[in-house]
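# Fold and geometry: a report
This is what each chain is made of:
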Amino acid sequence: MDSLFNSGAERAARRAAIIASHLIQRDSASASLLSASNCLHYNQPELTNPASFNPIHFRRILDGHHVEARDWLFKLMEESPLFCPKNRCEGKVFVAPDYNATKEQQREMTMRRIEFLLNNGVFEGWLTDSSADATLRKFALMECLGVYDHSLVIKIGVHFILWGSAIKFFGTKIHHEKWLNDTEKYKVLGCFAMTELGHGSNVRGVETIATYDSSTREFIINTPCESAQKYWIGGAANHATHTIVFAQLHINGRNEGVHAFIAQIRDSNGNPCPNIRIAECGHKIGLNGVDNGRIWFDNVRVPRENLLNSVADVLPDGQYVSSIKDPDQRFAAFLAPLTVGRVNITAEAVYISKVALAIATRYALSRRAFSVTPNGPEILLLDYPSHQRRLIPLLAKVCVQSCAANFLKTLYIQKTPEANKAMHVYSSALKAVASWQNMITLQECREACGGQGLKTENRVGILKGEYDVQSTFEGDNNVLMQQVSKALLAEYVAVQKKKIPFKSLGLEHMNGPVPLIPTDLTNSTLRSSKFQTDLFCLRERDLLQRFAKEVSYYQAQGESKEKAFLLSYQLAEDLARAFTERSTLQVFLEAEMNVLQAPLKAVMGLLRSMYVATCIDETASFLRYGYLSVDNAAAVRKEVMALCTDLRPHALAIVSSFGIPDSYLSPIAFDWIEANTWGNLSSE
C-alpha cells in the first residue's frame, strides 16, 4: 500500500510541476510573446472573396420570376414592427418570429401579420386573377413568406391554396361568385378537412359520410366513428369559419365515392356551429403559429349547392351525374388540382435550404479553427477539405433543384387536362426529393455551425422543426415516390403493348440506343454533360425495365398487380429517384445552355458536375446494378473533392445569388463576435 501511495504522490507531484512550468513566465521573451497575442476579430468575407460572375444574373435564373415583387415583400415585412425586427450587429436588423411565445400568442401574431399583409395588397388577385403572371407572383410571394415564418405561409396556404383552390377548381360558377372574392378579402376564413385520424394519404378510405336527403335537398354530413374525425386541419382550432369537407357520398344506399362539400363550422362570433365539435391538436415540434384542429360532424345539414360539382353533381331528385364514367378516372380528375400544394412545398423547401446554406457558408468564411503550423494562423472553416465536402455539394444541389422548382411552376401554369398525369408525377417526385433534401441540408448546416447552430436566433436549428412536416403533408414522400414508379410502369407497359415510341415524362431517351459508358473515366469525361446525361438515362432505362420485369414475374407467380408492385418496392424506390435526378439534371442543363455570360456559365457547369458527382457518390444504384465499375466509382469520389476545390472561390457569390436579404439570415452570417458582446446582451 505504501508503494502504491508513494507512486501516486510522485505522479501528482510531476503533474503539478508540469502545470507550473506552463504558468510561470521564465523570461522576458516569453512574456513579450504572451502580451503580443491578439483577440479574434471578424473579417468580412466580401473583402477576400470577390465574385467572378454577377450574382444578380444568377439570382434571376434561380428565382426564375418576380424578383422585384419578392424584394418588395421582403422589405415590407422587414419595416413592420409586427415582424419582430431586432438590432443585433453592425447596425443590422434581423427579423424572425418570437419562438419563445406560447402557441396561443404565436397564433395571434400569425393572424395579425395576415391582416397587415392583406391591408398592404399582398393577396390582391390571388383567387380572382387566373393569369399566368398572377399565379407566378403568388408563388413568388409565398416563397418569401416562408422564408420569414413557416407558420405564416402555411396558415395563408390553407386559406388560399387549399380552401380557395378547392372552390376555384372543384367548384363551378355559382361557387366562384359566392366565395372567391370574399375569400381573397378574408371575409370568410377557410380550412380544408381532408385528412382523418384513421386516413391520411389514402384519401379514398376516408370514413366521413355525406348522405343526400332528396326530401330537403340537403346533404347530411356525419362522423360515424372516432377514426373518422377530421385531424390536423390547419386553421380549424381557432379561426376558420368554413371548411371543405371530404366525405363518402351516399345516395339511395349507394356509395359514389369521395366528394367535397362546403360547410360552415363557426358563426359570426367565432363559436362552433350547431352539431359541430372542434378540438385542438396540441403543441407540435414546429408550426405552432398554425391552429391545427380536429372536427366532428354530428349530422350537419348543408344545401345541395354546397357540393363542389365540377367533376360530378347530384340533381335535386337524387340522380348522380358525371361526364367521367370511370370511377378511377373521376377520382384522379377530382384530385388533380391539389398538385398546386406540392408545387408550393417544392419551391419553399428549396428556398429554406438556401437560407440555411447562406448562413452556414458565410459563417464558414469568417470562423476559424486550429492551425496547421506551430504558432500559425487558424484556418477558415471553408478552407478545410472536409468542411467543403459538407457544404459545397449542398450548394450545387440547391441550385439545380431551384431550376427544377421553376420548371414545376411553369408546368403548372401551362397545365391542360391532358397533362394532369405529368403534373402529378413531376410534382410528386420533386416535392419528395426537395423536402427530403431540405432536411438533410438543414441538419448538415446546423452541425457546420457548431454550437451557434443551436441558437434559435441563428435560425438553422429552429428551421429543422418548422419544416420537418414537409416530408409527410400534401402526400407522404415514400407514398408519392411509389406513385411516381407506378406511373412510369404504366407508361412503359402502354408503350410496349401498343408498340409506339415514348412521348412523355422525359422518357423519349428510351426510344434511342442504349448509352455507352466509357470504361475509364477521366476528369474531362466526368464533367462532360453528355456523359452525365447518358449515365442518368442509362440508369433510368435499366431500372424501368428491371422494375417491369420483376412486377411481371410476381404476377406470373399468381400475385395480384398491387401485391406484385408492393413486393418490388426496392426497385420502385431506385426508379423514382433515378427519374427525379435525370429530370432535374436536364432542367438545369437547359438553363445553363441559355446563359450568355461566360463566367456564370462556367460556374453553372461546375455546379452541374458537382450535382451529378454527388448523386453518384451518394447513391448505391450505380454500383449495385453495374452502371459504373468500382474503379470508376472511386474516380467519381475523387472528382467530388476536386470540384469542391474549384467551387470554393465561388461559394460566397453563389449564396449571394440566392437573393435572401441580410435581415432574413442571422447574426452568425455576419459579425458574430460583435453580436455576442456584453454590450449587445440587451438586444438578444
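These figures come from a predicted structure and were not determined experimentally. (Residues numbered from 1 in each chain as written. Predicted model: local features only at pLDDT ≥ 70, side-chain atom pairs only at ≥ 80, totals over all residues. Heavy atoms only, no water.)

### Here we look at the nonpolar core
Ranked by internal contacts, the top residues of the largest apolar core, which has 207 residues, are Leu117, Ile156, Ile244 and Phe658. The leading source of residues in this core is helix α10 (residues 339-364), at 14 residues. Aside from chain neighbours lying at most four places away, what touches Ile156 is Ile114, Leu117, Phe123, Trp126, Leu145, Ile161 and Tyr186. (Core = buried A, V, L, I, M, F, W, Y, C linked by side-chain atoms within 4.5 Å. Buried < 20%, exposed > 50% of the residue type's maximum accessible area, 1.4 Å probe, protein only. Helix = DSSP H or I, 4+ residues; strand = E, 2+ residues; numbered from the N terminus. Contact = heavy atoms within 4.5 Å.)

### Looking at the UniProt feature "active site" (unreviewed entry) in the chain
As recorded in UniProt, the sites labelled "active site" (unreviewed entry) are Glu474. Counting through the fold element by element, Glu474 comes out in the loop between α13 (460-467) and α14 (477-498). Setting aside residues no more than four positions away along its own chain, Glu474 makes contact with Leu162, Leu338, Gly341, Arg342, Ile345, Lys431 and Leu480. (UniProt positions renumbered as here; feature names shortened; annotations may be inferred.)

### Considerations on empty space enclosed by the protein
Tallied over the full model, the rule gives 5 cavities of 30 Å³ or more. Taken as a whole, the largest cavity holds about 90 Å³ of empty space. Around the largest cavity, the lining residues are Met111, Ile114, Lys155, Val158, His159, Tyr186, Leu189, Gly190, Gly234, Gly235, His239 and Ala240. When contributions to the lining of the largest cavity are tallied by element, the ones reaching two or more residues are α5 (103-119) and α7 (150-170). If one sorts the elements of the lining of the largest cavity by residue count, α7 sits on top with 3 residues. (1 Å grid on protein atoms, 1.4 Å probe; cavity = no way out; pocket = protein on both sides within 12 Å on 5 of 7 lines; lining within 4 Å. Points joined across faces, edges and corners; volume = space filled by probe spheres on them.)

### Description of the sheet that holds strand β6 (residues 230-233)
The antiparallel open sheet is built from 3 strands, whose spatial order is β6-β10-β9. Sheet topology places β6 and β9 (276-280) at the edges, where each strand pairs with a single neighbour. Recorded for the sheet is a direction-independent mean angle of 25 degrees between the axes of neighbouring strands. Here β6 runs beside strand β10 (residues 293-297); their pairing, made up of 2 bridges, is antiparallel. Residue pairing across strands places Lys230 opposite Ile295, the latter belonging to β10. (Pairing = 2+ DSSP bridges. Axes fitted to C-alpha atoms, helices over the stretch in contact; angles between N-to-C directions.)

### Describing the environment of Leu488
Locating Leu488 in the fold gives a position in helix α14. The exposure class of Leu488 is buried, given its relative accessible area of 0%. Between the alpha carbons of Leu488 and Met641 there is a distance of 34 Å; along the sequence they are 153 residues apart. Setting aside residues up to four positions removed in sequence, Leu488 forms contacts with Leu505, Leu507, Leu544, Leu575 and Phe579.

### Observations regarding the UniProt feature "domain: Acyl-CoA oxidase/dehydrogenase middle" (unreviewed entry) in the chain
Under the UniProt annotation, the feature "domain: Acyl-CoA oxidase/dehydrogenase middle" (unreviewed entry) is placed at residues 191-300. In the segment residues 191-300, helix accounts for 0% and strand for 45%; the C-alpha atoms at its two ends are 17 Å apart.

### Regarding the environment of Ser131
Within the secondary structure, Ser131 is located in the loop between α5 and α6 (132-148). Along the backbone, Ser131 and Leu162 are 31 residues apart, and their C-alpha atoms lie at a distance of 19 Å. One polar contact links Ser131 to Asp129, side chain to side chain, over a distance of 2.9 Å. (Polar contact = N/O pair within 3.5 Å; in protein donor to acceptor, adjacent residues only side chain to side chain.)

### A short note on the packing of aromatic side chains
In total, this model carries 26 aromatic pairs according to the counting rule given. Cation over ring: Lys415 sits above Tyr412, and NZ or CZ is 4.0 Å from the ring centre. Looking at Arg539, its charged tip hangs above the ring of Phe536, at a distance of 4.9 Å from the centre. (Phe/Tyr/Trp six-rings, centres within 6.5 Å; stacked < 30°, edge-to-face > 60°. Lys NZ or Arg CZ within 6 Å of the ring centre and 35° of its normal.)

### With respect to the confidence of the model for the chain
Mean pLDDT over the chain: 93, with 94% of residues reaching 70 or higher. This model gives residues 1-6 a pLDDT under 50, and the stretch forms 0 contacts once residues within four places in sequence are excluded. (pLDDT = per-residue confidence, 0-100.)

### Side note on the layout of surface pockets
There is about 490 Å³ of room inside the second largest pocket. Those elements that place two or more of their residues in the lining of the second largest pocket are α11 (385-413), α12 (420-448), α14, α18 (569-593), α19 (598-618) and α20 (621-624). In terms of residues, the lining of the second largest pocket owes the most to one element, α18, which gives 6 residues. For the lining of the second largest pocket, the residue count by class is 10 nonpolar, 7 polar and 10 charged. (Nonpolar A, V, L, I, M, F, W, Y, C, P; charged D, E, K, R; others polar.)

### What to know about unusual backbone geometry
Phi is positive for Glu474, which is not a glycine, with a value near 60 degrees. Looking at Glu474, the relative accessible area reads 25%, which means it is partly exposed. Notably, Leu505 is not glycine yet its phi reads approximately 60 degrees, a positive angle. Mapped onto the secondary structure, Leu505 falls in the loop between α14 and α15 (523-526).

### Points about the packing of α7 against helix α8 (residues 173-184)
Pairs of packed helices are described in terms of their axes, by the angle between the two and the distance that separates them. At a closest axis distance of 9 Å, the pairing of α7 and α8 adopts a crossing angle of 165 degrees. With respect to α8, the axis of α7 lies roughly antiparallel. Handedness of the crossing formed by α7 with α8: left-handed. Between α7 and α8, the residues in contact are His159, Phe160, Trp163, Gly164, Ile167 and Lys168 and His175, His176, Trp179, Leu180, Thr183 and Glu184, respectively. Looking at the contact of α7 with α8, its residues break down into 5 nonpolar, 5 polar and 2 charged. (Parallel < 35°, antiparallel > 145°, perpendicular 65-115°, else oblique. Left-handed = near helix turned anticlockwise from the far one by under 90°.)

### Quick notes on the pattern of salt bridges
If you walk through the whole model with that rule in mind, you get 41 salt bridges. Measuring nitrogen to oxygen at the nearest pair gives 3.0 Å for the salt bridge that ties Asp71 to Arg59. You can see Asp71 sitting in helix α4 (residues 67-78) and its partner Arg59 sitting in helix α3 (residues 55-63), a full 12 residues away along the chain. A relative accessible area of 32% places Asp71 in the partly exposed class. Classification of Arg59 as buried rests on a relative accessible area of 10%. Salt bridges here are not isolated pairs; linked through shared partners, they connect Arg59, Asp63, Arg70, Asp71, Glu143, Lys354 and Lys409. (Salt bridge = Lys/Arg side-chain N within 4 Å of Asp/Glu carboxyl O.)

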